[in-house]
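# Remarks on the overall topology
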Amino acid sequence: MASIDLKRELGEQYRATTTPALVTVPPRPFLMVDGAGDPNTEPAYREAVETLYPLAYAVRAAVKRATGNAYTVLPLEGLWWADDLSRFSVDAKDRWRWTMMIGLPDPVQHVDAPALVSRVAREKDLPAGHLVRLEHFGDGDAAQVLHVGPFATEGPTVAALHAFIAQQGRELAGTHHEVYLSDARRVDPSRWRTIVRQPVAP
């Protein structure tokens, strides 16, 4: 049986430094749940996260049975936006819209993932099970940087990333994307590591 470190295998998709850089992120399969509202107070956000992890581990077990290969479950990720982007602000979290998601390995094609997700969500009575979908997603051409510290201090990091994009002669495109490399339940907020990614256009 082989054990696959997906974060290492996928390289810059799950690795960044505090210096902004341009990357290209191709589409790959994800488990996704959409929602809206302040992630600090909105029950739907907690329910989305509580649903995604059990399903990601269930898919991992099914892939292991089908292929003999085990892999490390990928970290939680989030897409963040507002219907009116001009009003997207850290001070108006109740207006945020989001998609929380966990990436899957390509060998997921060897299992009936939609049927598995539906069955496990029902058997475990997962709170957002009826909202989960499987979809391919990729940022395409993007810029990214590593933020170290609490989410509330991301402002200067995001500003520096946007300045880098302008310096490269690119424009913002797509949706603000974050990859949560640290387990917020076990790591002190001062040491949280988050990849902040922004798709770009020429």
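Here the structure is a predicted model, which is why all the values come from computation and not from measurement.

With that settled, consider the overall build of the protein. Tallying secondary structure elements over the protein gives four helices and 11 strands in all. Computed over the C-alpha atoms, the radius of gyration of the protein is 17 Å, within 12% of the 17 Å expected from 2.2 N^0.38 for a compact globule of 202 residues. Dimensions of the protein, computed from C-alpha atoms along their principal axes, come out at roughly 50 × 35 × 35 Å. Out of the 202 residues belonging to the protein, those deemed buried represent 45%. Of the contacts made within the protein by residues no fewer than 6 positions apart, 75% connect residues no fewer than 24 positions apart. For the protein, the exposed surface amounts to about 10,600 Å²; the carbon and sulfur share of it is 50%. Mean positive and mean negative side-chain charge positions of the protein (22 and 25 charges, respectively) differ by 7 Å.

Here we take up the environment of Arg65. Following the sequence through the fold, Arg65 ends up in helix H2 (residues 43-67). A relative accessible area of 62% means that Arg65 is categorised as exposed. A sequence separation of 46 residues divides Arg65 from Val111, and the C-alpha atoms of the two residues are 9.3 Å apart.

Looking now at empty space enclosed by the protein. Summed over all chains, the structure comprises one cavity of 30 Å³ or more. Every residue along the wall of the largest cavity is listed here: Gln13, Tyr14, Val25, Arg28, Phe30, Glu77, Phe137, Gly138, Asp139, His177 and Arg197. Of the residues contributing to the lining of the largest cavity, the split by class is four nonpolar, three polar and four charged.

So, how was this worked out
Residues numbered from 1 in each chain as written. Predicted model: local features only at pLDDT ≥ 70, side-chain atom pairs only at ≥ 80, totals over all residues. Heavy atoms only, no water. Helix = DSSP H or I, 4+ residues; strand = E, 2+ residues; numbered from the N terminus. Rg over C-alpha atoms; globule rule 2.2 N^0.38 Å. Buried < 20%, exposed > 50% of the residue type's maximum accessible area, 1.4 Å probe, protein only. Contact = heavy atoms within 4.5 Å. Areas by Shrake-Rupley, 256 points an atom, 1.4 Å probe, with all protein chains shown as cover. Lys, Arg positive; Asp, Glu negative; His and termini not counted. Charge placed at Lys NZ, Arg CZ, Asp CG, Glu CD. 1 Å grid on protein atoms, 1.4 Å probe; cavity = no way out; pocket = protein on both sides within 12 Å on 5 of 7 lines; lining within 4 Å. Points joined across faces, edges and corners; volume = space filled by probe spheres on them. Nonpolar A, V, L, I, M, F, W, Y, C, P; charged D, E, K, R; others polar.

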